[in-house]
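Chain by chain, the residues run as shown.
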Amino acid sequence: MLRGFSGGVHPPEDKTTETCAIEIVPPPKRVCIPFSQHTGKPARPLVQKDDLVRIGTKIGESDGFISVPIHSSVAGKVIAIEQYAHPVLGSAECCIIESTDSDEWETNIMENQNYEQLTREELLGIIKEAGIVGLGGAAFPTHVKLTPPPEKPIDTLIINGCECEPMLTADHRLMLEYPTGITEGAKLFLKILGAHNLIFAVEDNKKNAAEIVKQEGVDVRLVKTKYPQGAEKQLIKALLNREVPRGGLPMDVGCVVQNVGTCYAAFQAARYQKPLIDRVVTVTGTGVKESKNVLVRIGTPAIDVINYCGGYTNPPKKIIFGGPMMGIAQYTEYVPIIKGTSGIIVWSEVPDESEDPCVRCASCVNVCPMGLMPTEIYAFVRNKKFSKAKEYGVLDCIECGCCAYACPAKIRLVHYLKYGKSEVWRLSKK
Amino acid sequence: MKELLTVSASPHIRGKMNITLAMRLVIIALVPAFIFSVYLYGVRVLIITIISIVVSLVCEAVMQKMLGRKITIADSSAVLTGLLLAFNLPPGVPLWMPAIGSAFAIIFAKQLFGGLGYNFINPALAGRAFLMASWPTFMTREWLAPVGGTLSGIDGITGATPLTLLKNPANYGDPSVIISRLNEMETIKNIFIGKIGGCIGETSALLLLIGGLFLIIIGIVDYRIVVGYLGSFSLLALVLPTKANVVFHLFSGGLFLGAFFMATDWVTSPITNKGRWIFGIGCGVLTVVIRMWGGYPEGVSYSILLMNVFTPLIDRLTRERIFGEQRKRKGAKK
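Model, not experiment: these values are computed from the prediction.

Definitions and cut-offs
Residues numbered from 1 in each chain as written. Chains lettered and ligands numbered in written order. Predicted model: local features only at pLDDT ≥ 70, side-chain atom pairs only at ≥ 80, totals over all residues. Helix = DSSP H or I, 4+ residues; strand = E, 2+ residues; numbered from the N terminus. Buried ≥ 20, exposed ≤ 12 C-beta atoms within 10 Å, placed from the backbone. Contact = placed C-beta atoms within 7 Å. Core = buried A, V, L, I, M, F, W, Y, C linked by C-beta atoms within 7 Å. Nonpolar A, V, L, I, M, F, W, Y, C, P; charged D, E, K, R; others polar. Domains from an automatic or database assignment. Pairing = 2+ DSSP bridges. UniProt positions renumbered as here; feature names shortened; annotations may be inferred. pLDDT = per-residue confidence, 0-100. Axes fitted to C-alpha atoms, helices over the stretch in contact; angles between N-to-C directions. Arc of directions from axis to C-beta.

> Where do I start with the overall build of chain A in this structure?
Within chain A, the secondary structure is distributed over 13 helices and 17 strands. In terms of principal-axis extent, the alpha carbons of chain A reach across some 60 × 50 × 50 Å. For chain A, with 430 residues in total, the buried portion stands at 57%. Taking as baseline every contact in chain A between residues at least 6 positions apart, the subset at least 24 positions apart corresponds to 71%.

Written out as C-alpha cells, the structure reads:
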C-alpha cells in the first residue's frame, strides 16, 4: 500500500471535460506574446515593429541561465512591442503579432528521425532553444531543472500526471491521446538526468489514462485522489516516502518531477524541432457555453478561446487562469494564454466572499500538507509581525489553498500568507 | 459597459462548512439530551432554557451594537452559549439565574474580549462559574427528581445526586451501604440513561454520547480531546481509591457533557494535534483531582476552565512539525 502525505482536501472534482477530446483552436487574428512566461529573467526582444515572423520564429532570446527564448506562435507581422495584460504579472512587455492567413513555419524547423541518438548536451540545448518550461503551472525553465549540480545525483524521475486541481483535464486528455509522445519525452529526460528510475504517477480517478500509459512500458503508479497530490513535495513523499527538506528542492532527495505536458513538449522539440508555441488548455465553468479541451497557440487572448467554446452563457463574473484551487483571477478577458496556463475557468456567479472571525477550529492546521499553522501565521501577518510569521514557516507555504478551502470562517488565508511571504522577502533583502 | 470581473486570491472554491452550520450541528447534537431533560424534569427545563437563550441573544445584540460591531446573532453562536449554560444549571434554580448567567457569559466572557473567536474561556462555563461563586446554594441544591425515579438513581435514597452521595455518604445514612448501592448495576444503569438528579443537560450519558459521536464523525469535534479527557480520567479513576467504580465515575455528573461539548469548544481549545491531547488529558486529571480532593462533588467545569487558560501556552509549545523539518540532526543524507 502506498503511503500518502498528511493533510490535503477533497474538493468536488468537477472534471466534466475528461471525455472531451482535444480540439485545435484556429490561430487568432492577433496574439500577444509576453516576453516573460517563465520563472526567471524575461527574454530579450529580438524583433521590432513591422518585422515579419513565421510560426516558430524566435522573437525573444533567453537572457541568462534561468531564462528561455520565446517564439512566435503565428505567421504575421509584429505590430507593437508594448506593455500588455499578463495573466500572472498583471502587465508585462508583450510582442503583439497580427497573423496573416498563411500557416508558414520557420524554415529551419525540420524533423529529426534520429532524435534518440542525440547526446545529453544536444538534448538540453534543444529543450532550452525550444523555450520549454514546466507546463504544470509554475513555468520553471525545464533545462535548468534537468541540470542539477553534480553533488546532487538524481536517481528518480517522476512524471507528474496527477492533475489534482479540480475541473482541469488537459493533462488527462494529453495522456489519453498522446501517451507515446509523453513517455518518449520522459525517456529523454531520464537520459539527460542519468537517472535509473522512472515513475509515472497518476491519480486513481484517471485509471483509463494509467492503463494507456502503462502500455508504453513505463512504471505507472496510481496515487490517491487527494488535493494537492500533484504538488512536487507531496508527490515525492507519497511515492518514495522522501521528504524534501525545508527550503530545499526535489533534487535534494534525488528526484526531479516533470509534468506530462512538459514531457510531450520536449518530445516534440527533439523529434520535430518544434518550439513551445501551443499548449492544451481546459476551458470550463458555469460561464462558458461548451466546456472543452483545446490546443491553443501561446499568446491567444482568453476571449478568443472562450468564443471558440461558444462564448459566455451569462456575463462573466470571474475568469480564472489555472485551476480553481491555485489559479489566478484575471481582470480582463483579453489576457493572453501563456506557457503555464493549464485552464480557463469562467464563472457567471461568484460566491459571497465575506470573512468571519477565526474560531480556532484548526481545520487549516489539519489540512495543511506542509504542516503549517495557517491561522497563527495569518494572525502574525495581520499584526505585521513578519519575523514571527517567518518563524512559523510562512516561507514553506506552497499556496495550495487547502487552508482557505477548509476554513469555515472563509478567511482568505492564502491571500494573507502570500502577502506575508512577500513582506518577509522584502524585509530580508533590506 | 460590462460589469468588472472579480479579482481575488485563490482558492476560488470553498468547502461547505461554515460557522453558522457548525454551531447548528452542535445544537442539533444537543437536542436529544434536551428533549429527554424536558421529559424528566418537566416544562421548567424548557422555560429555563428559553430564558437563557433569549438573554444570550439580546446581550449579544446589545453588546455588538454598543461596541460598534456587526450584529451576528444569526450565526447561532449565542444560541449555543445559552443552551449550554442552561444545560449546566440544576432544573430547580430560580428563573432569574439563567438570565444572569447568560448575561455574564455573553457580556463579560465573550463580547468584552472581542466577541466570537476571541474569548479565552468557554463563555457558558464562565457563566456557570459566576453563578456557582455567587449563589452556591441554588447551584448545588435545586435538583429535581426525574419522572419515575429518584435524585440518586437509587430506590429509597432521595436526598442527593449520585456524586454528592459519593462525596458525603455519611450525611445520608450508613456510608458503606450507600457506597455499595451506588456501585450496583441498577444504579449505574439509571445514571447512564440519565434517570437521576443533575443539571439540565448533563444527566443522560447515553444521549450525550450519541450526540458527541455524531459530532466526531462529521468532523466538528476532535476525538483527541474527548479520548484524552475520558481516557486519562478513567485511568486515574481506576488506579486511585475513589470508592466508586470507573463506570460510575464516567457516566455521572457533567463528564460527558464536558468532554464532548465543552472541552472541545473550538475557540478555547488548542489547535495543534499534540496540544489537543495535552488539553484533554489535563482536563481529565484535573477533574479527578477536584472530585477526589476538592470541595465540590463535581470537577468538570472548573477543570475545563483551567485548561482553557493554558490553551495559548499549549499551542505555543506544541507547534506542528513543518514538512521537511529535521527533528534531530541525523547524519545528513549523502
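Picking up where we left off.
> What should I look at first to understand the nonpolar core in this one?
Across soluble globular proteins, nonpolar side chains show a tendency to be buried alongside one another. Membership of the largest hydrophobic core comes to 234 residues, with the highest contact counts inside it found for A:Phe189, A:Ala266, A:Val305, A:Ile344, A:Ile377, A:Cys403 and A:Leu413. In terms of residue count, helix H1 (residues 19-41) of chain B provides more of this core than any other element does, eleven residues in total.

> I'm lost on the interface of chain A and chain B in this one. Help?
A common way to express how large an interface is: the accessible area buried when the components associate. On the chain B side, the residues contacting the 52 residues of chain A number 33 residues. Those elements that provide at least two residues to the side of chain A that touches chain B are strand E15 (318-321), strand E16 (328-330), helix H12 (402-406) and helix H13 (413-429) of chain A. Grouping the constituent residues of the side of chain A that touches chain B by class yields 32 nonpolar, eight polar and twelve charged.

> Is there a simple way to explain the domain arrangement of chain B in this structure?
Residue and element names in this part refer to chain B. Domain parsing of chain B yields domain 1 (19-141), domain 2 (150-196) and domain 3 (204-317). Between the C-alpha centres of domain 1 and domain 3 the distance comes to 20 Å. Between domain 1 and domain 3, the residue contacts involve 20 residues of the former and 23 residues of the latter. Of all the secondary structure elements, the ones that give two or more residues to the side of domain 1 that touches domain 3 are H1, helix H3 (77-87) and helix H5 (123-134). With eight residues, the single largest contributor to the side of domain 1 that touches domain 3 is H1.

> Quick question: what am I supposed to make of the sheet that holds strand E7 (residues 76-86) of chain A here?
Pairing between the strands of a sheet is mediated by backbone hydrogen bonds and can be parallel or antiparallel. Residues and elements named next belong to chain A. If you walk across this open sheet you meet the four strands as E2-E8-E7-E4, and the pairing is antiparallel. Looking at strand neighbours, the two that pair on one side only are strand E2 (30-34) and strand E4 (52-53), the edges of this open sheet. Two elements, E7 and strand E8 (residues 90-99), share ten bridges in a ladder whose sense is antiparallel. Within E8, the position partnered with Ile-81 by the bridge is Cys-95.

> Would you mind going over the UniProt feature "binding site: [4Fe-4S] cluster 1" (unreviewed entry) in chain A with me for this structure?
All names here are of chain A. Here, the residues flagged by UniProt with the feature "binding site: [4Fe-4S] cluster 1" (unreviewed entry) are Cys-358, Cys-361, Cys-364 and Cys-407. The named residues occupy 50 residues along the chain; their greatest pairwise C-alpha distance, 10.5 Å, places them in one compact cluster. Along the chain, Cys-364 falls in helix H9 (residues 363-367). On the neighbour-count criterion, Cys-364 (28 C-beta atoms within 10 Å) is buried. Aside from chain neighbours lying at most four places away, what touches Cys-364 is Pro-374, Thr-375, Cys-403, Ala-406, Cys-407 and Leu-413. Note that Cys-407 resides in the loop between H12 and H13. Taking the C-beta count within 10 Å as the criterion, Cys-407 has 28 such neighbours and is therefore assigned buried. Excluding residues that lie within four positions of it along the chain, Cys-407 makes contacts with Ser-363, Cys-364 and Leu-413.

> Got a minute to help me understand the confidence of the model for chain B in this structure?
Reading fine detail from the predicted coordinates is not recommended where pLDDT is low. In the predicted model, chain B carries a mean pLDDT of 92, and the fraction of residues at 70 or more is 97%. Ignoring residues within four places in sequence, the model shows residues 329-334 of chain B, a span with pLDDT below 50, making zero contacts including any to other chains.

> Which parts of the structure should I look at to understand the domain arrangement of chain A?
All names here are of chain A. What the domain assignment reports for chain A is domain 1 (26-101 + 277-347), domain 2 (115-272) and domain 3 (363-429). Here domain 1 and domain 2 have C-alpha centroids that lie 24 Å from each other. The interface is formed by 28 residues belonging to domain 1 together with 22 residues belonging to domain 2. Ranked by residues supplied to the side of domain 1 that touches domain 2, first place goes to strand E13 (residues 278-284) with five residues. When its residues are assigned to classes, the side of domain 1 that touches domain 2 shows eleven nonpolar, 15 polar and two charged.

> Could you clarify how one ought to interpret the sheet that holds strand E11 (residues 219-223) of chain A in this entry?
All names here are of chain A. Ordered in space as E11-E10-E9-E12, the four strands form an open sheet in which the pairing is parallel. Only two strands of the sheet have a single partner each, and these edge strands are E11 and strand E12 (255-259). Geometrically, the sheet is characterised by an average inter-axis angle of 30 degrees between neighbouring strands, direction not taken into account.

> What's the story with unusual backbone geometry in this structure? I'm lost.
One can expect most non-glycine residues to show negative phi and most peptide bonds to be in trans. The residue after A:Tyr227, namely A:Pro228, is reached through a cis peptide bond having omega -5 degrees. In this structure, A:Pro228 sits in the loop between E11 and helix H6 (232-240). In this model, B:Ser10 is joined to B:Pro11 through a cis peptide bond whose omega is -5 degrees. Note that B:Pro11 resides in the segment before H1. The backbone phi angle of A:Glu163 is positive, close to 40 degrees, even though this residue is not glycine.

> Please clarify how helix H8 (residues 175-182) of chain B should be interpreted in this entry.
Each turn of an α-helix holds 3.6 residues, which means side chains three or four residues apart point in the same direction. Residue and element names in this part refer to chain B. Those residues of H8 not exposed but buried are Ile-178, Arg-181 and Leu-182. The buried residues of H8 occupy an angular sector of 105 degrees when projected down its axis, which confines them to one face. Tucked into the core, H8 has its buried residues touching helix H7 (162-167), helix H9 (185-193) and helix H12 (246-251).

> How should I be thinking about the pairing of strand E14 (residues 292-297) of chain A in this particular structure?
Remember that side chains alternate between the two faces of the sheet whenever the strand is regular. Residues and elements named next belong to chain A. Among the six residues that make up E14, five are buried, leaving the element largely enclosed by the rest of the structure. Bridge count between E13 and E14: six bridges; the pairing is antiparallel. The partner of Asp-278 across the bridge, within E14, is Arg-297.

> Would you explain the UniProt feature "binding site: [4Fe-4S] cluster 2" (unreviewed entry) in chain A in this entry?
Residues and elements named next belong to chain A. According to UniProt, the feature "binding site: [4Fe-4S] cluster 2" (unreviewed entry) maps to Cys-368, Cys-397, Cys-400 and Cys-403 in the numbering used here. For the residues just named, distributed over 36 residues, the greatest C-alpha separation is only 10.5 Å, placing them together at one site. The residue Cys-368 is located in the loop between H9 and helix H10 (374-382) in this model. On the basis of neighbour count, Cys-368 is assigned to the buried category, with 29 C-beta atoms found within 10 Å. When neighbours within four sequence positions are excluded, Cys-368 is seen to be in contact with Gly-7, Pro-374, Cys-402 and Cys-403. For Cys-400, the location among the structural elements is in the loop between helix H11 (386-391) and H12. The class of Cys-400 is buried, set by 27 C-beta atoms lying within 10 Å.

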